[in-house]
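Fold and geometry: a report
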Amino acid sequence: MSGNSATGDFRDTDFLPAAGLHFLTPAYELLAWPMLAGVWRGVVDDVCQRAGQAASIVDLGCGPGTVLRRLARRRPDLSLTGVDIDERVLRITRRRVPRAKLLQGSADNLPVTDASADIVVSSMVFHHLPREIKLRALAEVNRILKPGSVFLLCDFARPTTRLGAWFVRSFAMLESGVGRQAAGELQELAASSAMALTPLWTRLGCITQHEVRAAS
């Protein structure tokens with residue numbers, strides 16, 4: 001998902017598509033469902049509980065609209081925006097969530113107006129990003145959030161169970177970002193960005209939903 005935001009040159013080699021390969025992208029939800037169904041439910045529940053009437057929600061790295069589609073069903077009052085670098089996956093999301101505003105852009109250069117979002121959400125995206133992109137993404141999220149608003153960041157984090165540690169070891173062999181986040185990278189980056197990161201819940205012993213706010 002880390003594109004060349006300075007030039008707007010979004011190349012296939014700049015990011016990892018949903019499900020890892022472009023031809024598998026349409027099947028992403030089906031492939032990920034056994035592991036991530038509970039994670040997606042938790043993310044949607046948190047947004048619905050925190051969002052006021054007609055709140056503006058931005059899904060960073062929205063993929064094929066997994067979270068957006070569920071939010072659209074449960075909260076038709078919400079203003080939904082999805083951002084993803086992959087135009088192929090956005091075409092899928094346009095079919096699935098026609099009322100959402102969908103924008104092509106990278107995590108470190110969000111095409112969203114300053115102080116316009118009530119909630120920013122990102123699920124299972126950050127572990128794909130290089131460290132420097134994560135830092136810039138946090139700055140971008142801080143820029144687009146309204147004062148006092150919240151970023152809900154759900155991704156691999158420090159394992160809390162043996163099963164979680166096994167998952168981390170297994171996925172870290174495929175993506176090094178999983179291992180870095182399991183070692184506390186998100187906490188380090190949030191602290192260096194003057195943001196407070198608070199864990200809300202953990203699924204599978206290693207995937208944690210965090211509340212991220214500007215440090216007071």
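The sections below set out a description of the structure shown in this document. Fair warning: this is a prediction, and the values are worked out from it, not measured in the lab. (Residues numbered from 1 in each chain as written. Predicted model: local features only at pLDDT ≥ 70, side-chain atom pairs only at ≥ 80, totals over all residues. Heavy atoms only, no water.)

Scanning all chains against the criterion turns up 13 salt bridges. A salt bridge links Asp45 to Arg74, with the shortest nitrogen-to-oxygen separation between them at 2.4 Å. Here Asp45 is found in helix H1 (residues 28-50), whereas its partner Arg74 is found in helix H2 (residues 66-74), with 29 residues between them in sequence. The class for Arg74 is partly exposed, based on a relative accessible area of 47%. Of the charged contacts in the structure, one is a salt bridge between Asp77 and Arg75, with a shortest N-O distance of 2.8 Å. Sharing partners across several salt bridges, the network here consists of Arg131, Lys134, Arg180, Glu185 and Glu188. (Salt bridge = Lys/Arg side-chain N within 4 Å of Asp/Glu carboxyl O. Helix = DSSP H or I, 4+ residues; strand = E, 2+ residues; numbered from the N terminus. Buried < 20%, exposed > 50% of the residue type's maximum accessible area, 1.4 Å probe, protein only.)

With that settled, consider the environment of Asp77. Position of Asp77 among the secondary structure elements: in the loop between H2 and strand E2 (79-84). Note on Asp77: relative accessible area 22%, which makes it partly exposed. The sequence separation of Asp77 and Gln53 amounts to 24 residues, and the corresponding C-alpha distance is 6.4 Å. Excluding residues within four positions of it along the chain, Asp77 makes contact with Gly52, Gln53 and Ala54. Among the polar contacts made by the side chain of Asp77, one reaches the main-chain amide nitrogen of Ala54 at a distance of 2.9 Å. There is a polar contact of 2.8 Å between the side chain of Asp77 and the side chain of Arg75. (Contact = heavy atoms within 4.5 Å. Polar contact = N/O pair within 3.5 Å; in protein donor to acceptor, adjacent residues only side chain to side chain.)

This part is about the side chain of Asp86. Relative to the elements of secondary structure, Asp86 occurs in the loop between E2 and helix H3 (87-96). This buried residue, Asp86, is left without a salt bridge; Arg88 holds the nearest opposite charge, at 4.2 Å. Of note is the side chain of Asp86, whose polar atom sits 3.0 Å from the backbone nitrogen of Arg88. (Lys, Arg positive; Asp, Glu negative; His and termini not counted.)

Pairing is mixed across the open sheet formed by seven strands, whose spatial order is E3-E2-E1-E4-E5-E7-E6. Because the sheet does not close on itself, it has two edges, and the strands there are strand E3 (101-104) and strand E6 (195-203). Adjacent strand axes in the sheet meet at a mean angle of 20°, parallel and antiparallel pairs treated alike. In this structure, strand E1 (residues 56-60) lies alongside strand E4 (residues 117-123), joined through three bridges in parallel fashion. The residue bridging Val58 from the neighbouring strand is Val120, located in E4. (Pairing = 2+ DSSP bridges. Axes fitted to C-alpha atoms, helices over the stretch in contact; angles between N-to-C directions.)

For the rest of this paragraph, the subject is helix H5 (residues 162-172). Where H5 is concerned, the buried positions are Gly164, Phe167 and Val168. Viewed end-on, H5 has its buried residues packed into an arc of 100°, placing them on one side of the element. Residues of H5 that are exposed and angled more than 90 degrees away from the buried face: Arg162 and Arg169. (Arc of directions from axis to C-beta.)

Turning to helix H7 (residues 185-192), a few remarks are in order. Within H7, burial applies to Glu185, Leu186, Leu189 and Ala190. The buried residues of H7 occupy an angular sector of 130° when projected down its axis, which confines them to one face. Pointing more than 90 degrees away from the buried face of H7 are the exposed residues Ala191 and Ser192. In this structure, the buried side of H7 is in contact with helix H4 (131-144), strand E5 (145-156), helix H6 (176-182), E6 and strand E7 (207-214). One or two positions beyond H7, positive phi appears at Ala194, with a value near 60°.

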